[in-house]
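Chain by chain, the residues run as shown.
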Amino acid sequence: MNIAILSAFIIYFASIIGIGIFFYRRSKTATDFMVGSHSMNYWVTAIATQASDMSSWLFLGLPAMVFINGLFEYWTALGLMFFMLLTWQFIAPKLRERSGNSHSLTFSSFLGNSFSHHQTTIRLVSALFTIAFFAVYICAGLVGLGRIFSSSFDIGYHTAITLSITGAALYTLVGGYVGIAWCNMLQGIFLLAMVIL
């Protein structure tokens, strides 16, 4: 087993769990834990969201596409960055303002509060869609982490997934939304540096 790779993984997991503990100590209410009392920095939210959205793809998929198809595939990354910037410049501020005005903690509650008719049905349907898409997203992330761990440390795939779940659950359950956002923002900066590199 390569000591440098093992050290990098230990430092990574110690860092994200440390961030979780730091924000756990700052959380005083359930709203602090779930949504950070709506006080998240714009850039933290934007970078964290995009890192969370594309982490496994950027680590595994994009390098493989560039390796197979050449540098032309970088147009994909450039297009994604450009349209993410547009989304965060024009759509996200309006969504944040309207969700704050309606005192919505989730996207499902925001949609329900936005339409007075069939409020319960809209919340239920949007929550079911969210659960379905997040299940696929979480499974894809675990597959990516499992493969990285398995190939890096020559351990079984199921053991690698168990380690991945344990690490992610620790910093999520300890740090709440703000801890997750800061961990994902730091991962996003790292991912951006790797894409540029």
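See the structure printed just above.
So, a few notes on the structure that sits alongside this text.

Rules used throughout
For every chain, the first residue of its written sequence is number 1, and the numbers climb from 1 along that sequence. Local features are withheld for residues below a pLDDT of 70 in this predicted model, meaning they are given only at 70 or higher, and side-chain atom pairs are given and counted only at 80 or more; totals for whole chains, interfaces and linings count all residues. To get the side-chain values, all heavy atoms of the structure are used, and hydrogens and water are removed first. Here is the rule: rings of Phe, Tyr and Trp (six-membered ring for Trp) pair when centre to centre is within 6.5 Å. Planes less than 30 degrees apart are stacked, more than 60 are edge-to-face, and the remainder are tilted. A simple rule labels every residue: compare its accessible area, found with a 1.4 Å probe on the protein chains alone, to the largest value its type can have, and call it buried under 20%, exposed over 50%, or partly exposed in between. Secondary structure elements are taken from DSSP: a helix is a run of H or I of four residues or more, a strand is a run of E of two residues or more, and numbering for both begins at the N terminus. Any pair of N or O atoms that falls within 3.5 Å is considered a polar contact. Within protein, one atom must be able to donate a hydrogen and the other to accept it, and sequence-neighbouring residues count only if both atoms are side-chain atoms. Here a residue-residue contact requires only that any non-hydrogen atoms of the pair lie within 4.5 Å. By this rule the span expected of a helix is its residue count minus one, scaled by 1.5 Å. What the bend at a residue measures is the angle between two axes, fitted to the seven residues ending there and to the seven starting there. Cavity means a closed set of points on a 1 Å grid over the protein atoms alone, one where a 1.4 Å probe fits but cannot get out, pocket means an open set with protein on both sides within 12 Å along at least 5 of 7 lines, and lining means a residue has an atom within 4 Å of a point. Grid points are joined across faces, edges and corners, and a volume is the space filled by probe spheres set on the points. The residue classification treats Ala, Val, Leu, Ile, Met, Phe, Trp, Tyr, Cys and Pro as nonpolar and Asp, Glu, Lys and Arg as charged. All others, Gly included, are polar. Each axis is a line fitted through C-alpha atoms, and for a helix only the stretch in contact is used; angles between axes span 0 to 180 degrees, taken between their N-to-C directions. In this scheme the crossing of two helices becomes right-handed for a clockwise turn of the near helix relative to the far one and left-handed for an anticlockwise turn of less than a right angle.

1. Focus: the packing of aromatic side chains
- Applying the stated rule across the entire model yields 7 aromatic pairs.
- Judged by centre distance (5.0 Å) and plane angle (85°), the rings of Phe22 and Phe23 are edge-to-face.
- For Phe22, a relative accessible area of 46% translates into the label partly exposed.
- Each ring, one from Phe129 and one from Phe133, has its centre 6.3 Å from the other, and the planes form 15°; the classification is stacked. In this pair, Phe129 and Phe133 both sit in helix α6 (residues 119-153), 4 residues apart, roughly one turn of the helix.
- Taken together, Phe22, Phe23 and Trp182 form an aromatic cluster joined through their ring pairs.

2. Section: the side chain of Gln187
- On the secondary structure map, Gln187 appears in helix α7 (residues 157-196).
- There is a polar contact of 2.7 Å between the side chain of Gln187 and the side chain of Tyr12.
- Ignoring any residue separated from it by four or fewer positions in sequence, one finds Gln187 in contact with Tyr12, Ile16, Ala51 and Tyr171.

3. Observations regarding the side chain of Ser109
- Here Ser109 is to be found in helix α5 (residues 107-114).
- Exposure remark for Ser109: the relative accessible area of 12% places this residue in the buried category.
- A polar contact of 2.8 Å, which involves the side chain of Ser109, links it to the backbone oxygen of Thr106.
- Setting aside chain neighbours within four positions, we find Ser109 in contact with Ser104 and Arg123.

4. So, helix α1 (residues 3-26)
- A rise of 1.5 Å per residue sets the reference length of α1, with its 24 residues, at 34 Å; its end C-alpha atoms lie 35 Å apart and thus fit the reference within 8%.
- Buried residues of α1: Phe9, Phe13, Ile16, Ile19, Gly20 and Phe23, and no others.

5. Quick notes on helix α4 (residues 74-101)
- The end-to-end C-alpha distance of α4, which contains 28 residues, comes to 39 Å, matching closely the 40 Å that a straight helix rising 1.5 Å per residue would cover.
- At Ile91, α4 shows its strongest bend, of approximately 40°, with the proline Pro93 following within four residues.
- After α4 finishes, the residue His103 shows a positive phi value of roughly 55°.

6. Description of the layout of surface pockets
- Volume-wise, the second largest pocket comes out at about 480 Å³.
- Every residue lining the second largest pocket is counted, 20 residues in all, and those nearest its centre are Ile47, Gln50, Met81, Met84 and Leu192.
- Of all the elements in the fold, those that place two or more residues in the lining of the second largest pocket are α3 (42-69), α4 and α7.
- A per-element tally of the lining of the second largest pocket places α3 first, with 8 residues.
- Taken together, the residues of the lining of the second largest pocket sort by class into 17 nonpolar, 3 polar and no charged.

7. Focus on the packing of α1 against α6
- Close contact between α1 and α6 brings their axes to 10 Å; oriented N to C, the two are set at 145°. For α1 against α6, the interelement crossing comes out left-handed. Across the interface between the two elements, Ile5, Leu6, Phe9 and Phe13 of α1 pack against Ile148, Phe149, Ser152 and Phe153 of α6.
- Classifying every residue of the contact of α1 with α6 by side-chain character gives 7 nonpolar, 1 polar and no charged.

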